[in-house]
Amino acid sequence: MSVLEDGTAYRKIVLGPNLVSKSTGTLAATTVALFTIAGGQVLITALYGVVTTSITVANSYKLQSNPTTGDTVDLCAATDIGTTDTLAGTLLTFGLGTTTAPPKLMSIGNGRVLDMVPVSIGQIESVSAGTDGVITWYCAWVPLTVGATLVAA
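This text gives an overview of the structure that appears in the document. (Residues numbered from 1 in each chain as written. Predicted model: local features only at pLDDT ≥ 70, side-chain atom pairs only at ≥ 80, totals over all residues. Heavy atoms only, no water.)

Across its full length, the chain carries one helix and 12 strands. Element order for the chain, N to C, with α for helix and β for strand: α-β-β-β-β-β-β-β-β-β-β-β-β. Relative to its length of 153 residues, the chain is compact, with a C-alpha radius of gyration of 16 Å against a globular reference of 15 Å. Each principal axis of the C-alpha atoms in the chain carries an extent, and together these give about 50 × 45 × 30 Å. A burial count over the chain gives 39% of its 153 residues as buried. For the chain, long-range pairs separated by at least 24 residues make up 78% of all intrachain contacts whose partners lie at least 6 apart in sequence. Carbon together with sulfur atoms contributes 59% to the accessible area of the chain, which is approximately 7800 Å² in total. Across the chain, the centroid of the 6 positively charged side chains sits 4 Å from that of the 9 negatively charged ones. (Helix = DSSP H or I, 4+ residues; strand = E, 2+ residues; numbered from the N terminus. Rg over C-alpha atoms; globule rule 2.2 N^0.38 Å. Buried < 20%, exposed > 50% of the residue type's maximum accessible area, 1.4 Å probe, protein only. Contact = heavy atoms within 4.5 Å. Areas by Shrake-Rupley, 256 points an atom, 1.4 Å probe, with all protein chains shown as cover. Lys, Arg positive; Asp, Glu negative; His and termini not counted. Charge placed at Lys NZ, Arg CZ, Asp CG, Glu CD.)

Before going further, it helps to examine the side chain of Thr-79. With respect to the element layout, Thr-79 can be found in strand 6 (residues 79–80). Beyond its immediate stretch of four places on either side in the chain, Thr-79 contacts Asn-59, Ser-60, Tyr-61, Lys-104 and Leu-105.

A few words on the environment of Tyr-48. Within the secondary structure layout, Tyr-48 lies in strand 3 (residues 42–53). Residues Tyr-48 and Thr-8, spaced 40 residues apart in sequence, show a C-alpha to C-alpha distance of 17 Å. Filtering out sequence-adjacent residues up to four positions away, Tyr-48 remains in contact with Leu-92, Val-113, Thr-136, Trp-137 and Tyr-138.

Right, let's get into the pattern of salt bridges. Summed over the entire model, instances satisfying the criterion amount to one salt bridge. Lys-62 is the salt-bridge partner of Asp-74, the closest N and O atoms lying 2.9 Å from each other. With Asp-74 in strand 5 (residues 73–74) and Lys-62 in strand 4 (residues 60–67), this pair connects stretches of sequence that are 12 residues apart. The class of Asp-74 is partly exposed, set by a relative accessible area of 31%. (Salt bridge = Lys/Arg side-chain N within 4 Å of Asp/Glu carboxyl O.)

Turning next to the environment of Ser-60. Following the sequence through the fold, Ser-60 ends up in strand 4. With 23 residues separating them along the chain, Ser-60 and Thr-83 place their C-alpha atoms 9.3 Å apart. Here Ser-60 is in contact with Ala-78, Thr-79, Asp-80, Val-127, Ser-128 and Ala-129, once residues within four sequence places are set aside.

Attention shifts here to the packing of aromatic side chains. Applying the stated criterion across every chain yields a total of three aromatic pairs. When the centroid spacing of 5.2 Å and the interplanar angle of 15 degrees are considered together, the rings of Tyr-48 and Tyr-138 count as stacked. With Tyr-48 in strand 3 and Tyr-138 in strand 11 (residues 134–143), the pair connects residues that are 90 residues apart, well separated along the chain. On the numbers, 6.2 Å between centres and 35 degrees between planes, the contact of Phe-94 with Trp-137 is tilted. Linking Phe-94 in strand 7 (residues 91–94) with Trp-137 in strand 11, this pair joins segments that are 43 residues apart in sequence. (Phe/Tyr/Trp six-rings, centres within 6.5 Å; stacked < 30°, edge-to-face > 60°.)

Glancing now at the nonpolar core. Formed by 28 residues in total, the largest nonpolar core has its most connected members in Phe-35, Leu-47, Leu-63, Ile-135, Trp-137 and Leu-150. Mapped by element, the contributors of at least two residues to this core are strand 2 (31–38), strand 3, strand 4, strand 7, strand 9 (117–119) and strand 11. (Core = buried A, V, L, I, M, F, W, Y, C linked by side-chain atoms within 4.5 Å.)

Quick look at the environment of Thr-86 now. With respect to the element layout, Thr-86 can be found in the loop between strand 6 and strand 7. Residue Thr-86 is classed as buried on the basis of its relative accessible area of 11%. Sequence separation between Thr-86 and Leu-96 is 10 residues, and the spatial gap between their C-alpha atoms is 20 Å. In contact with Thr-86, other than residues within four places in its own chain, are Val-51, Ser-54, Ile-55, Ile-81 and Leu-92. Polar side-chain contacts of Thr-86 include one of 2.4 Å to the backbone oxygen of Ile-81. (Polar contact = N/O pair within 3.5 Å; in protein donor to acceptor, adjacent residues only side chain to side chain.)

This is the structure we're talking about:
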């Protein structure tokens, strides 16, 4: 007997019904808002990136949570993703964090999606020091507060 699985239904059960994506545009030495959280706290259940244009120059890169009220917090440690080229099609995931440092950004095969992270009203931001390449970030989430939302910025 064969069993047909609905991949979308399975994702919704495991990670929640909400999946949002946002492209960084061509990376530049700047901070770019990726996702905006409004109406209360949300729980990020998965976060990963897909390199859509190769990154070929040195680039200290990280993601951070920048709440409207409170401290900005790194979601991953700044990691050089360009000195050794990160080619289009590469999936960006995260290493293991420690009690004193956030996880490093890694390519697939060595890492995993970011652990579940609660975030407050504000933004998830891309912080880049390099000047080439494009990453599309995917974020699965569920509301922790009734009425909370997370949308592409």
